[in-house]
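Overview (structure and organization)
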Amino acid sequence: MLGLGGGIIVVPFLTLAFGINIRLAIGASIIAVVATSSGAASAYVRERLTNLRVAMALEVATVTGALTGAAIGGLISVSLLSIVFGIVLIIAAAGMLRRRADRNDEVPPSRLADKLRLHSAYYDPARGEVVRYRVTHVPAGAVMMYVAGAASGLLGIGGGVFKVPAMDLAMRLPVKVSTTTSNFMIGVTAAASAAIYFGRGDIDPLIAGPVAVGTLLGARAGAKLLPKLSGGLVRMLFVIVLVLVGLEMLRQGI
Amino acid sequence: MSAESQSVKPDSVAAISNQTDVSEPAVRGRDAVRSQISEPVETAIGWSLRIGVAISMLLVLAGAAVSFIGGIYGGGNARRHTLTSVHVVVPQTLGAAFTGAAHGHGPALIALGCLVLILTPIVRVVVSVLGFALVKDRLYAAITLLVLLLLSASLLVSTL
């Protein structure tokens, strides 16, 4: 629902509550991310919440990042990375908290955004009106997306926690658009890693199957709920998750 | 927000309801905004995801039903042990999943469902490439094609 994929919840739940082997838990969580993304994305695309152009343009950056991450994986200390990314997430949380008003006026003009035709509008049921918005700072957003892709490749996470702040802080997308667009994008990166996990035999059908069905149902419910929530609430929920994930990464790093 | 509220046709960007008519706005939901990309491409992307997810869920549920009947999920600590440890019955290739599923093997059916799920976002990218090419949106056809190539490259690199 928040554009994350739920991988951060599935792994601890399977290992702690059911005592399932960590490798199989990670495999199942990757499947969960793909299920969440695809399950919710069709609804968001239908509602025209997702900014498809932003998603497709930035997928170039995330997939390149994931490729780099996979290539340099093992060369960099994972605990150091966890600390760095943990700090980044907490700074991002502070930034997102500051942008609480979720306003999109006075957006600096961007020639690249014009050229890529990224500006768009969506209908917000919570406000009962059409919200038009402009997109800016595309190169900065692309760089952050590249880092997000590399982080997911290196740390084995979906990367939604990095994608939403990138679209929110740099490109100034409304929070509902950045969460749904992130949700749309994570399917592709997660599918690439899922294929690798499958080939390694890390995806046990008896575990991943039920997890996929469950997360899919959850994703459908979340997709119905999200448009109705106020942007401010979505933002607050996201900031809380960012801080929690950031602290958890710091803890793993230390 | 703009004064275009008199135009009710769904493809006008700012066709929003008159604020005085609170009970039944003229245009609500998705129809209040025009498709950002071409409408057929948007529809095709939505359906590619929906169909992929539906096929995958059918396979997973069928596989789970077969597994239940066959007693694979059946209780007992012996089974719990196999669920919580890494074991070798996992079909690791498309071929293995297919042959297993053809024999009505429950876990293989679920594995095939998982594979369809994994393929869904990739198929979505393929559909985008074709869709943008068909509506002659060269820029986005090129962008999505690049995504597809990078995706294939990352799959190749990581399976080597």
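What you see is a predicted model; the values in this text were computed from it and never measured. (Residues numbered from 1 in each chain as written. Chains lettered and ligands numbered in written order. Predicted model: local features only at pLDDT ≥ 70, side-chain atom pairs only at ≥ 80, totals over all residues.)

Looking now at the overall build of chain A. The number of helices and strands found in chain A is 10 helices and 2 strands. Counted from the first residue to the last, chain A has its helices and strands arranged as α-α-α-α-α-β-β-α-α-α-α-α. Considering chain A as a whole, with its 254 residues, one finds that 61% of them fall into the buried category. (Helix = DSSP H or I, 4+ residues; strand = E, 2+ residues; numbered from the N terminus. Buried ≥ 20, exposed ≤ 12 C-beta atoms within 10 Å, placed from the backbone.)

Take the interface of chain B and chain A next. Interfaces are frequently sized by the accessible area removed from exposure as the parts join. On the side of chain A, 58 residues touch chain B, which itself brings 58 residues to the contact. Secondary-structure elements contributing two or more residues to the side of chain B that touches chain A are helix H1 (39-69), helix H2 (77-84), helix H4 (106-134) and helix H5 (138-159) of chain B. Residue classes in the side of chain B that touches chain A are distributed as 37 nonpolar, 17 polar and 4 charged. (Contact = placed C-beta atoms within 7 Å. Nonpolar A, V, L, I, M, F, W, Y, C, P; charged D, E, K, R; others polar.)

A few words now on the pairing of strand E1 (residues 120-124) of chain A. Side-chain positions along a regular strand alternate between the two faces of the sheet. The buried fraction of E1 of chain A is high, at 4 of 5 residues. Where E1 of chain A folds back on strand E2 (residues 129-133) of chain A, the antiparallel hairpin that results is connected by 4 residues, among which glycine 128 of chain A adopts a positive phi of roughly 65 degrees. (Pairing = 2+ DSSP bridges.)

All names here are of chain A. It is the contact of helix H8 (residues 175-200) with helix H10 (residues 231-253), at a shortest axis distance of 9 Å, that shows an interaxial angle of 55 degrees. The angle between H8 and H10 falls in the class oblique. For the pair formed by H8 and H10, the contact residues are Val175, Lys176 and Thr179 on the first element and Gly231, Val234, Arg235 and Phe238 on the second. Residues of the contact of H8 with H10, tallied by class, amount to 3 nonpolar, 2 polar and 2 charged. (Axes fitted to C-alpha atoms, helices over the stretch in contact; angles between N-to-C directions. Parallel < 35°, antiparallel > 145°, perpendicular 65-115°, else oblique.)

Let's shift gears to helix H7 (residues 160-170) of chain A. All names here are of chain A. Counting buried residues along H7, 11 of its 11 residues qualify, which places the element largely inside the surrounding structure. Among the residues making up H7, those that are buried are Gly160, Val161, Phe162, Lys163, Val164, Pro165, Ala166, Met167, Asp168, Leu169 and Ala170. Remark: arginine 172 follows H7 within two positions and exhibits a positive phi of approximately 65 degrees.

Right, let's get into the nonpolar core. Formed by 120 residues in total, the largest nonpolar core has its most connected members in Ala28, Ile31, Val34, Ala194 and Ala212 of chain A together with Cys114 of chain B. If one sorts the elements of this core by residue count, helix H2 (residues 22-47) of chain A sits on top with 15 residues. Setting aside anything within four residues of it in sequence, one finds cysteine 114 of chain B in contact with Ile31, Phe198, Ile203, Pro205, Ala208, Gly209 and Ala212 of chain A. (Core = buried A, V, L, I, M, F, W, Y, C linked by C-beta atoms within 7 Å.)

Moving on: H10 of chain A. Here H10 of chain A contains 23 residues, and its C-alpha end-to-end distance of 33 Å stays within 8% of the 33 Å for a straight helix at 1.5 Å per residue. The complete set of buried residues in H10 of chain A reads Gly231, Val234, Arg235, Phe238, Leu242, Val245, Gly246 and Met249 of chain A. (Expected span 1.5 Å × (residues − 1).)

Time to look at the packing of H7 of chain A against H8 of chain A. Two measures define how a pair of helices packs: the angle their axes make with one another and the distance between the axes. Residues and elements named next belong to chain A. Relative orientation of the contacting elements H7 and H8 amounts to 140 degrees, with a least axis distance of 9 Å. Considering the angle they form, H7 stands oblique to H8. In the packing of H7 onto H8, the handedness of the crossing is right-handed. Contact residues: Gly160, Lys163, Val164, Met167 and Asp168 in H7; Val175, Ser178, Thr179, Thr181, Ser182, Met185 and Ile186 in H8. Taken together, the residues of the contact of H7 with H8 sort by class into 5 nonpolar, 5 polar and 2 charged. (Left-handed = near helix turned anticlockwise from the far one by under 90°.)

Structurally, alanine 65 of chain B can be placed in helix H1. Taking the C-alpha atoms as reference, alanine 65 of chain B lies 7.5 Å from glycine 106 of chain B; in sequence the two are 41 residues apart.

Even without a glycine there, the phi angle at arginine 172 of chain A is positive, about 65 degrees. Here arginine 172 of chain A is to be found in the loop between H7 and H8. Of note in the backbone geometry, lysine 136 of chain B takes a positive phi value of approximately 60 degrees without being a glycine. By the secondary structure assignment, lysine 136 of chain B is in the loop between H4 and H5.

Our next topic: the environment of glycine 149 of chain A. On the secondary structure map, glycine 149 of chain A appears in helix H6 (residues 138-155). Not counting chain neighbours up to four residues away, the residues in contact with glycine 149 of chain A comprise Ala61, Thr62, Val63, Thr64, Gly65, Ala66, Gly69, Gly159 and Thr189 of chain A.

What follows concerns the confidence of the model for chain B. Predicted coordinates in areas of low pLDDT are best not read in detail. Residues and elements named next belong to chain B. Scored by pLDDT, chain B comes out at a mean of 71, with 56% of its residues at no less than 70. Averaged pLDDT values for the elements of chain B fall to 43 in H2 and rise to 89 in H4. Here residues 1-24 scores under 50 on pLDDT; set against residues more than four positions off or in separate chains, the count is 38 contacts. Listed scores for the predicted complex are pTM 0.81 and ipTM 0.83. (pLDDT = per-residue confidence, 0-100.)

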